[in-house]
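An overview of the molecular structure
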Amino acid sequence: MSRQLNEKSTPEQIRSRFDNDVERFSNLETGQTAAIDAAYCLDLIAQAATNHTPNMSHILDIGCGAGNFTLRILQQLKHNQVHVSLNDLSPNMLERASTRIASQTTGQITLLQNDIRNKDLPEKQYDCVVAAMVLHHLREEHEWSQVFQKLHTAIKPGGALWIYDLVEHDNHTLHQLAWQQYSDYLVNFKDAEYRDLVFDYIDQEDSPRPLMWQLTQLENAGFSCVDVLHKHGVCAAYCAFK
Ligand SMILES: C[S@@+](CC[C@H](N)C(=O)[O-])C[C@H]1O[C@@H](n2cnc3c(N)ncnc32)[C@H](O)[C@@H]1O
């Protein structure tokens, strides 16, 4: 990746791009196919979250897109009285997510069309917070620590944060290996042209951080326990318990 943080897409550019890309995020069977093990991690997080908090009453989905993660969690639960708060920059994503989720819960659906960096959240409100393929849009270190602290405050004691995201590597050898694995995955999924397109988007839009760095930031934010569910190349599923 070559672009500096201040050369990356602005929130407005990101909103506009995702406003026009709703369909690609609306497939519950495949998840986001541009990411490695997307369908597997969708199921893994849904299973882990519902096993950990079977009686959850309030989910917050950060950068919810078309709502795949919340939908999968709601499908796994044995009850359907869950309030759902959906956050995204993109109004088109929020509209699609709320339409898809409405039939899956008798709880209230609240739409939060904000940049998560600027959104105040209530204290101890959510049992389950999901952030899938969104945190890599955060830029400076202090933005990550502020968002993790905000989420920690917003989660009820006993609740948890579930993340699936693109991650970086500090070590050059591991960095090269992970990006080669990702390249192979994308070429195998479609072709080299598609790989180049995805890599260009990532360079333009994304600023992922190393997994271990994020886990430390989560502990610093006050989470009592952090863990990794899965990692394959540049994609990882991980969690933090309050
Ligand atoms: C790659 S999509 C992932 C969607 C969904 N979580 C999924 O896994 O299917 C990222 C989503 O995050 C939203 N997003 C990006 N930056 C955001 C921010 N700072 N605050 C809130 N939402 C953001 C985008 O609009 C987009 O819908």
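Residues numbered from 1 in each chain as written. Predicted model: local features only at pLDDT ≥ 70, side-chain atom pairs only at ≥ 80, totals over all residues. Heavy atoms only, no water.

1. Overview of the UniProt feature "domain: Methyltransferase" (unreviewed entry) in the chain
Residues given the UniProt feature "domain: Methyltransferase" (unreviewed entry) here are residues 59–159. The straight-line gap between the two end C-alpha atoms of residues 59–159 is 10 Å; of that span, 35% is helix and 25% is strand. (UniProt positions renumbered as here; feature names shortened; annotations may be inferred. Helix = DSSP H or I, 4+ residues; strand = E, 2+ residues; numbered from the N terminus.)

2. Re the sheet that holds strand S3 (residues 109–112)
Pairing within the open sheet is mixed, and its 7 strands lie in the order S3-S2-S1-S4-S5-S7-S6. Of all the strands in the sheet, just S3 and strand S6 (225–232) have a single pairing partner and so form its edges. For this sheet, the mean angle separating the axes of adjacent strands, direction not counted, is 15°. Direction of pairing for S6 relative to strand S7 (residues 235–241): antiparallel, over a ladder of 7 bridges. Residue His232 lies in a different strand from S7, and its bridge partner there is Cys235. (Pairing = 2+ DSSP bridges. Axes fitted to C-alpha atoms, helices over the stretch in contact; angles between N-to-C directions.)

3. Structural notes on the packing of aromatic side chains
This structure, assessed with the given rule, holds 10 aromatic pairs. When the centroid spacing of 5.6 Å and the interplanar angle of 40° are considered together, the rings of Tyr182 and Phe199 count as tilted. Here Tyr182, found in helix H6 (residues 172–189), pairs with Phe199, found in helix H7 (residues 192–205); they are 17 residues apart in sequence, far enough to count as distant. According to the relative accessible area criterion, Tyr182 is buried, its value standing at 3%. Here a set of aromatic residues connected by ring pairs shows up, and it is made of Trp144, Phe148 and Trp213. Between the NZ or CZ atom of Arg17 and the centre of the ring of Tyr201, over which it lies, the distance is 4.1 Å. Positioned above the aromatic ring of Tyr194 is the side chain of Lys190, whose terminal nitrogen or guanidinium carbon lies 4.5 Å from the ring centre. (Phe/Tyr/Trp six-rings, centres within 6.5 Å; stacked < 30°, edge-to-face > 60°. Buried < 20%, exposed > 50% of the residue type's maximum accessible area, 1.4 Å probe, protein only. Lys NZ or Arg CZ within 6 Å of the ring centre and 35° of its normal.)

4. Here we look at helix H4 (residues 91–102)
Along its 12 residues, H4 runs 16 Å from first to last C-alpha, staying within 8% of the 16 Å computed at 1.5 Å per residue. When we look at burial in H4, the residues that qualify are Met93, Leu94, Ala97, Ser98, Arg100 and Ile101. Taken around the axis of H4, the buried residues stretch over an arc of 165°, which confines them to a single face. Exposed side chains of H4 directed beyond 90 degrees from the buried face belong to Glu95 and Thr99. (Expected span 1.5 Å × (residues − 1). Arc of directions from axis to C-beta.)

5. A word on the site of the ligand
By nearness alone, 21 residues border the ligand, and Gly63, Asp88, Asp115, Ile116 and Ala132 come closest of all. Take Gly63: an N or O atom from its main chain is 2.7 Å from a nitrogen atom of the ligand. At 2.9 Å, a backbone N or O of Ala132 approaches a nitrogen atom of the ligand. Relative to its free-state accessible area of 600 Å², the ligand is covered by the protein chains to the extent of 98%. By residue class, the composition of the shell around the ligand is 11 nonpolar, 7 polar and 3 charged. (Near = heavy atom within 4 Å. Polar contact = N/O pair within 3.5 Å; in protein donor to acceptor, adjacent residues only side chain to side chain. Areas by Shrake-Rupley, 256 points an atom, 1.4 Å probe, with all protein chains shown as cover. Nonpolar A, V, L, I, M, F, W, Y, C, P; charged D, E, K, R; others polar.)

6. Topic: unusual backbone geometry
The phi dihedral of Asp37 falls on the positive side, at around 55°, and the residue is not glycine. Within the secondary structure, Asp37 is located in the loop between helix H1 (11–19) and helix H2 (38–52). Even without a glycine there, the phi angle at Met133 is positive, about 55°. In this structure, Met133 sits in the loop between strand S4 (126–132) and helix H5 (141–154).

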